[in-house]
Amino acid sequence: MTDIFQDLQWRGLIKDSTDPDELARTLADGTVTFYVGFDASGPSLHIGHLTQILTARRLQRAGLRPLILVGGATGLIGDPKDTGERTLNPPEVVAGWVKKLQSQLTPFVSFEGERAATAVDNLDWTGALSAIEFLRDIGKHFPVSQMLNREIVKTRLSGAGISFTEFSYQVLQANDFHELHRRYGCTVQFGGSDQWGNITAGVDFCRRRGAHVQAFTTPLVTRADGTKFGKTADGQSVWLDPDMTSPYAFYQFWFNSGDADVGRYLRYFSFRPREEIEELEKATAERPAARAAQRALAEELTTLVHGERETAQVTAASRALFGRGDLTELDPSTVDAALSEAGLLSVPELPSVATLFKESGLCASLSEARRAVAEGGAYVNNERVTDADAPPSPDLLLHNRFLVLRRGKRTIAGVALTT
RNA sequence: GGCGGGUUGCCCGAGUGGCCAAAGGGAGCGGACUGUAAAUCCGUCGGCUUCGCCUACACAGGUUCGAAUCCUGUACCCGCCA
């Protein structure tokens, strides 16, 4: 088995860590239990979480035992973010999210065998804590000077301010690490690099109580052009939940990775061996237009998250919709399937083009749809539209039923007549 | 608790009575160029029954022919003092 620490380093998955030599030795020891946490702060995980999810999968495959924590307690408090105070979510809502996230995480690690993962929820030990216990047994170990020194706290103090609730968040997360050490013998925590402050708080807390533990973080995934990673072509977050982000959109997201980014993404996310990844990086350098790396990345991740069947449908749809071929040459079942993947709008009769673009979700409002037409960025069956308020000609209907709507170069939706 | 400052469109940020749907920048969107890439240039960027109308400058009320701009109250934020 290849050295997992070296593998992670080669992939660029280690940003910060406690003593690297010691961490390397620890990870090489097959008896280690580690933990990674996800707060229940939304109804689904998104691809920003994928780095952590897949790193957990790698560690388990390397022989380590995962504790997958979903933060039912910390989700009720809110990790401070630099823009300002969060709105508290109702407990029953958070409880629902905990369930969802747990089931979403399940497929990525194995809950069987000797390295079986364990799902944990910090509400189990935090919920029962009394204020006295919290302040005497836990709070006493936290110097406020250190808490104030954390980057996020400083940012908030010099800007939007911070409530005691969010200020205390780090204490809860630190206590999680100690609790998992006590209950499961967990000695390693990792998380996203934005969690480094919270993670070191946990390491310190454990050490103050006599437990020697270690930690590392994975880097924030970025794009070479400096824009934010993790948004679809139309600006939506890319969720793992297929009802929130369709497998088609998910596939398209990865497929559209830039040349300057795709190599890094393969290293972060792909389970291909090093040689194959280097081969794909070379392919990108030599024949970028073929986009072999993008295709491989998109197919592998869509399969991992949504399964083989979905992936087959989605790749077929992408080929049909972006293919050179004349749309009229596609057979009805192909058109139907492809448009269903892209998002199909059913209408009893054809309204104006602007309405179609709005209803299909390609444009947020009628005004935006009219603007799109005026800008020359609206197409029906690959023909540029010039009149936003007229319905498309029935002659355009493919197989007397379908229309392919396109906004810009690559955002596509379908229309089907329901007759 | 006292005093002072602040709250503008997705974000930052101008604007102190009419010329303001609101400067400028960023993001986003579209076009050209391409490879469903990047960079660049150009355009666009509240809504609608779109040559016009409606809703908007924290919230509620008021002054005025007319308010993002003035007054009153409420909420929240920041700073100094206690």
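These numbers come from a predicted model, not from an experiment. Throughout, a residue's number is its position along its own chain's written sequence, starting from 1. The lettering of chains begins at A and the numbering of ligands begins at 1, in the order of writing. Confidence filtering applies because this is a predicted model: local features only for residues at pLDDT of at least 70, side-chain atom pairs given and counted only at 80 or more, and all residues used for totals across whole chains, interfaces and linings. Calculated side-chain values reflect all of the structure's heavy atoms, with hydrogen atoms and water omitted.

**Description of the UniProt feature "binding site: L-tyrosine" (unreviewed entry) in chain A**
And then number 1: UniProt positions are given in the numbering used here, feature names are shortened, and annotations may be inferred rather than shown by experiment. UniProt annotation of "binding site: L-tyrosine" (unreviewed entry) refers to Tyr-35, Tyr-169 and Gln-173 when read in the numbering used here.
And then number 2: Structurally, Tyr-35 is set in strand β1 (residues 33-39).
And then number 3: Should any heavy atoms of two residues lie within 4.5 Å, those residues are counted as being in contact. When near neighbours in sequence (up to four residues on either side) are disregarded, Tyr-35 contacts Leu-67, Leu-69, Gln-173, Asp-176, Phe-177, Leu-180, Cys-186, Val-188, Gln-189 and Phe-190.
And then number 4: Segments assigned H or I by DSSP are reported as helices when at least four residues long, segments assigned E as strands when at least two residues long, and all are numbered from the N terminus. As for its position among the elements, Tyr-169 is in helix α11 (residues 169-184).

**Side note on the UniProt feature "short sequence motif: 'HIGH' region" (unreviewed entry) in chain A**
And then number 1: If you check UniProt for "short sequence motif: 'HIGH' region" (unreviewed entry), the listed places come out as residues 40-49 in our numbering.
And then number 2: Across residues 40-49, the secondary structure splits into 0% helix and 0% strand, with the terminal C-alpha atoms separated by 12 Å.

**Focus on the sheet that holds β1**
And then number 1: Any two strands are treated as partners once DSSP identifies two or more bridges connecting them. What the five strands build is an open sheet, ordered β3-β2-β1-β4-β5; its pairing is parallel. Pairing within the sheet leaves two strands with one partner each, and these edge strands are β3 (118-121) and β5 (214-218). Each neighbouring strand pair of the sheet contributes to a mean axis angle of 25°, computed without reference to strand direction.
And then number 2: Both β1 and strand β4 (residues 186-192) contribute to a ladder of three bridges, which runs parallel. Among the inter-strand pairings, Phe-34 is bridged to a residue of β4, identified as Val-188.
And then number 3: Lines fitted to C-alpha atoms define the axes, with helix axes restricted to the stretch in contact, and inter-axis angles between N-to-C directions lie between 0 and 180 degrees. Contacts from helix α3 (residues 50-61) reach β1, β2 (65-71), β4 and β5, with the element oriented near 165° to β1.
And then number 4: Its contacts with the sheet put helix α5 (residues 91-105) on β1, β2 and β3, and the angle it makes with β2 is roughly 155°.

**Focus: the sheet that holds strand β8 (residues 383-384)**
Backbone-to-backbone hydrogen bonds pair the strands of a sheet. The strands run either parallel or antiparallel.
And then number 1: With mixed pairing, the five strands of this open sheet are ordered in space as β6-β10-β9-β7-β8. Each end of this open sheet is capped by a strand with a single partner; those strands are β6 (344-347) and β8.
And then number 2: Summarising the sheet, β6 and strand β10 (residues 411-417) pair through four bridges and their orientation is parallel. Counted as the bridge partner of Ser-346 is Ala-416 from β10.
And then number 3: Sheet strands in contact with helix α18 (residues 332-342) are β6, β9 (402-407) and β10, and its direction is about 40° off that of β9.

**Observations regarding the packing of aromatic side chains**
Two aromatic rings, taken as a pair, are described by how far apart their centres are and by the angle between their planes.
And then number 1: The criterion for an aromatic pair is that two Phe, Tyr or Trp rings (for Trp, the six-membered ring) have centres within 6.5 Å, with stacked assigned to planes under 30 degrees apart, edge-to-face to planes over 60 apart and tilted to the rest. Using the criterion set out here, one finds 15 aromatic pairs in the structure.
And then number 2: Seen from their ring centres, Phe-229 and Tyr-265 are 5.2 Å apart, and the 65° between their planes marks the pair as edge-to-face. Of this pair, Phe-229 sits in the loop between β5 and α13 (247-255) while Tyr-265 sits in helix α14 (residues 259-269), and the two are 36 residues apart along the sequence. Of the two residues, Phe-229 and Tyr-265, both sit in the buried class.
And then number 3: Clustering of aromatic rings is evident, with ring pairs tying together Phe-229, Phe-250, Phe-253, Trp-254, Tyr-265, Tyr-268 and Phe-269. Only protein chains enter the accessibility calculation, which uses a 1.4 Å probe; a residue is then buried when its area is under 20% of its type maximum, exposed when over 50%, and partly exposed in between.

**Some remarks on the side chain of Glu-341**
And then number 1: Relative to the assigned elements, Glu-341 resides in helix α18.
And then number 2: What Glu-341 contacts, discounting residues up to four positions off in sequence, is Ser-246, Tyr-248, Glu-310, Gln-313, Val-314 and Ala-317.

**Overview of the pattern of salt bridges**
And then number 1: Salt-bridge detection follows one rule: a side-chain nitrogen of Lys or Arg within 4 Å of a carboxyl oxygen of Asp or Glu. The final tally for this structure, using the stated rule, is 11 salt bridges.
And then number 2: Glu-179 serves as the salt-bridge partner of Arg-183, at 3.2 Å between the closest nitrogen and oxygen. Highlighted residues: Arg-183 and Glu-179, both in helix α11, separated by four residues, approximately one helical turn.
And then number 3: According to the relative accessible area criterion, Arg-183 is partly exposed, its value standing at 41%.
And then number 4: Through salt bridges with shared partners, a single network forms among Glu-179, Arg-182 and Arg-183.

**Brief notes about the side chain of Ser-257**
And then number 1: Along the chain, Ser-257 turns up in the loop between α13 and α14.
And then number 2: Ser-257 sits in the buried class, given a relative accessible area of 9%.
And then number 3: Excluding residues that lie within four positions of it along the chain, Ser-257 makes contacts with Val-262, Tyr-265, Gln-294 and Leu-297.

**A closer look at the domain arrangement of chain A**
And then number 1: Annotation comment: domain bounds sourced from an automatic or database domain assignment. Per the domain assignment, the segments making up chain A are domain 1 (4-218), domain 2 (247-322) and domain 3 (327-417).
And then number 2: For domain 2 and domain 3, the distance between their C-alpha centroids amounts to 27 Å.
And then number 3: Domain 2 puts nine residues into the contact, and the matching count from domain 3 is 11 residues.
And then number 4: For the pair domain 2 and domain 3, the two sides together bury roughly 810 Å², of which 70% comes from carbon and sulfur.
And then number 5: Accessible-area loss on putting two parts together, using a 1.4 Å probe and summing over both, is the definition of buried area adopted here. Of all residues in domain 2, Tyr-248, Ala-320 and Leu-321 give up the largest surface area on contact with domain 3, accounting jointly for 58% of the area buried on that side.

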